[in-house]
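An overview of the molecular structure
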Amino acid sequence: MRSNLPINDRESVVLHPRRFSWPPPERGFRTLRNTTRFGMCCFIAAAMPLLTGAFAQAGDWPSFGLDLGHSRKSTERSGTSFDAGGWRYQEPAPKDDVKIDIAATPAVADGVVVFATLQGTVRALDAVTGNLLWHFSAQDGVVASPAISRGKVFVASFDRVLYALDLMTGHLLWSRGGVGIAHASPTPIEDALGEGVLLATGFPERRLIRFDGASGKTIWQTTDGALIRSSHASVSIGGGLAIVGSVGGHYQAFDTTKGSPVWAHDAVGNVNLAAPLIHGDRMYFAPGGDNAALHAVALATGIAVQGWPVTIAVPHSKPDSQTVKLVGRAYAVSSPVVAAGIVFL
């Protein structure tokens, strides 16, 4: 799905959230992917050489969606060839032969790759060697992608706890309960209030909370039930607003320094894990479910931009067999990206 926009954006877009790169030029560039096979999980890193033999270099990917607005946009330029070398990390097999699964994309910053499993294990690897640096065990599984900021790793778990770990050692710096069954990745923020982290609480809670990044102290939180429905999507930040998408197609904006509500926009759909994209003075989102549309609203007001939403054209195919009856159709939930004046979905 693509739609022309009145913008001039010529930077490249990394469309695959599992592609990561490494800071120091002399240490090279690494990409990482995760796979599950025969109940085991592997992490594979491959080096991408330049024609001169040196390694290509790009920026970190410290949190879900790369940045506050979830642009997934990197300044890196992909090369024409990738080498199959590099390193591989094998997740240890559990003693009870339980299948190890990974649902959360890793985070990358300061030479460290951090990933988490559905079994609640958080591990950090050296980006260049793939060596295990440390591991930490939450009390339940982790679906939300970790986030890295200022030497800390923020992890939200199904045990309804937000953890802050030291990036280099894995030591627990602080933890805070009462954040619901978290599917949403934490969103680090720095503004007039200093270092912080925002999290939309999962079921059964319906709140948005800002924690102090250094101490874990609650800076502000919305009243219980302030969110129309529970949220499973990471918070998007732009224009001094923290925007939350919740189940049922509800989008709400709150002041990042006070937590006060600013606007709400209702659209039919599931939303699920798809965070809205903030680009310039607009917000784009595709809630999916019964909603076959890509939406655009003004960031400051939440009012639909003229000419939007745009209907997503989907072929209405029929079952091949007469014995098969089509009983329904649902549209996938996805987070858009913008490049070269075009919205991609």
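Cut-offs and rules
- Each chain carries its own residue numbering, running from 1 in the written order of its sequence.
- Totals for whole chains, interfaces and linings use all residues, but because this is a predicted model, local features are given only for residues with pLDDT of at least 70 and pairs of side-chain atoms are given and counted only at 80 or more.
- To get the side-chain values, all heavy atoms of the structure are used, and hydrogens and water are removed first.
- Only runs of H or I of at least four residues qualify as helices and only runs of E of at least two qualify as strands under DSSP, and these elements are numbered from the N terminus.
- A simple rule labels every residue: compare its accessible area, found with a 1.4 Å probe on the protein chains alone, to the largest value its type can have, and call it buried under 20%, exposed over 50%, or partly exposed in between.
- Two strands qualify as a pair provided that DSSP identifies no fewer than 2 bridges between them.
- Here an axis means a line fitted to C-alpha atoms, over the contact stretch when the element is a helix, while the angle between two N-to-C directions is reported on a 0 to 180 degree scale.
- Contacts are assigned to residue pairs with any non-hydrogen atoms lying within 4.5 Å of each other.
- Polar contacts, as used here, are pairs of N or O atoms within 3.5 Å; protein pairs need one atom able to donate a hydrogen and one able to accept it. Residues neighboring in sequence count only if both atoms are side-chain atoms.
- Pairing of aromatic side chains here covers Phe, Tyr and the six-membered ring of Trp, requires ring centres within 6.5 Å, and sorts the geometry by plane angle: under 30 degrees stacked, over 60 edge-to-face, intermediate tilted.
- The term nonpolar core refers to a set of buried residues drawn from Ala, Val, Leu, Ile, Met, Phe, Trp, Tyr and Cys, joined through side-chain atoms within 4.5 Å.

1. Observations concerning the environment of Arg282
Along the chain, Arg282 falls in strand S22 (residues 282–285). A relative accessible area of 17% means that Arg282 is categorised as buried. In this structure, the C-alpha to C-alpha distance between Arg282 and Ala304, residues 22 residues apart in sequence, is 9.4 Å.

2. Looking at the sheet that holds strand S10 (residues 152–156)
The strand order S9-S10-S11-S12 describes an open sheet built from 4 strands, whose pairing is antiparallel. Looking at which strands have only one partner, the edges of the open sheet turn out to be strand S9 (147–149) and strand S12 (172–177). Across the sheet, the mean angle from the axis of one strand to that of its neighbour is 20 degrees, orientation sign disregarded. One ladder, built from 3 bridges, connects S9 with S10; its direction is antiparallel. Among the inter-strand pairings, Ser149 is bridged to a residue of S10, identified as Lys152.

3. Considerations on the pairing of strand S13 (residues 187–191)
Where S13 and strand S14 (residues 194–200) come together, 5 bridges link them in antiparallel fashion. Bridged to Thr187 within S14 is Leu198. Between S13 and the antiparallel strand that follows it, S14, lie 2 residues.

4. A few points about the environment of Arg123
One can find Arg123 in strand S7 (residues 121–126). For the pair Arg123 and Val113, spaced 10 residues apart in sequence, the C-alpha separation works out to 8.2 Å. In this view, Arg123 contacts Tyr89, Glu91, Pro92, Val113, Val114, Phe115, Leu132, Trp134 and His135; residues no more than four positions away in its chain are not counted. A polar atom in the side chain of Arg123 sits 2.8 Å from the side chain of Glu91.

5. Considering the sheet that holds strand S15 (residues 208–212)
Ordered by their spatial adjacency, 4 strands build an open sheet running S13-S14-S15-S16, and the pairing between neighbours is antiparallel. This sheet does not close on itself; its edge strands, each paired only once, are S13 and strand S16 (218–221). Across the sheet, the mean angle from the axis of one strand to that of its neighbour is 25 degrees, orientation sign disregarded. Examined bridge by bridge, S14 and S15 share 5 bridges and lie antiparallel to one another. If you follow Leu198 over to S15, its bridge partner there is Arg210.

6. Comments concerning the side chain of Gln252
Along the chain, Gln252 falls in strand S19 (residues 250–255). Side-chain polar atoms of Gln252 contact the backbone oxygen of Ala226, separated by 3.0 Å. If sequence neighbours within four positions are ignored, Gln252 has contacts with Ala226, Leu227, Ile228, Ala242, Ile243, Val244, Ser246, Trp263 and Ala264.

7. Quick look at the packing of aromatic side chains
Following the criterion strictly, the structure yields 6 aromatic pairs and no others. Ring geometry for Tyr251 and Phe285: centres 4.0 Å apart, planes at 35 degrees, overall tilted. Of the two residues, Tyr251 sits in strand S19 while Phe285 sits in strand S22, which places them 34 residues apart along the sequence. Per residue, the accessibility class of Tyr251 equals that of Phe285, and both read buried. Plain terms: the ring middles of Tyr284 and Trp308 are 5.7 Å apart, the flat faces sit at 65 degrees to each other, and that makes the pair edge-to-face. In this pair, Tyr284 is assigned in strand S22 and Trp308 in the loop between strand S23 (293–298) and strand S24 (310–311), connecting sequence segments 24 residues apart.

8. A few points about the pairing of strand S8 (residues 132–137)
Sheet topology places S7 next to S8; 5 bridges connect them, and they run antiparallel. Bridge pairing in S8 links Thr121 to Ser137. Between the end of S7 and the start of S8, which pair antiparallel, lie 5 residues, with Gly130 showing a positive phi angle near 80 degrees.

9. Observations concerning the nonpolar core
Formed by 18 residues in total, the largest nonpolar core has its most connected members in Val114, Val122, Trp134, Ile148, Val153 and Leu165. Among residues more than four places away in sequence, those in contact with Trp134 are Val122, Arg123, Ala124, Val153, Leu165, Asp166, Leu167, Met168, Thr169 and Gly170.

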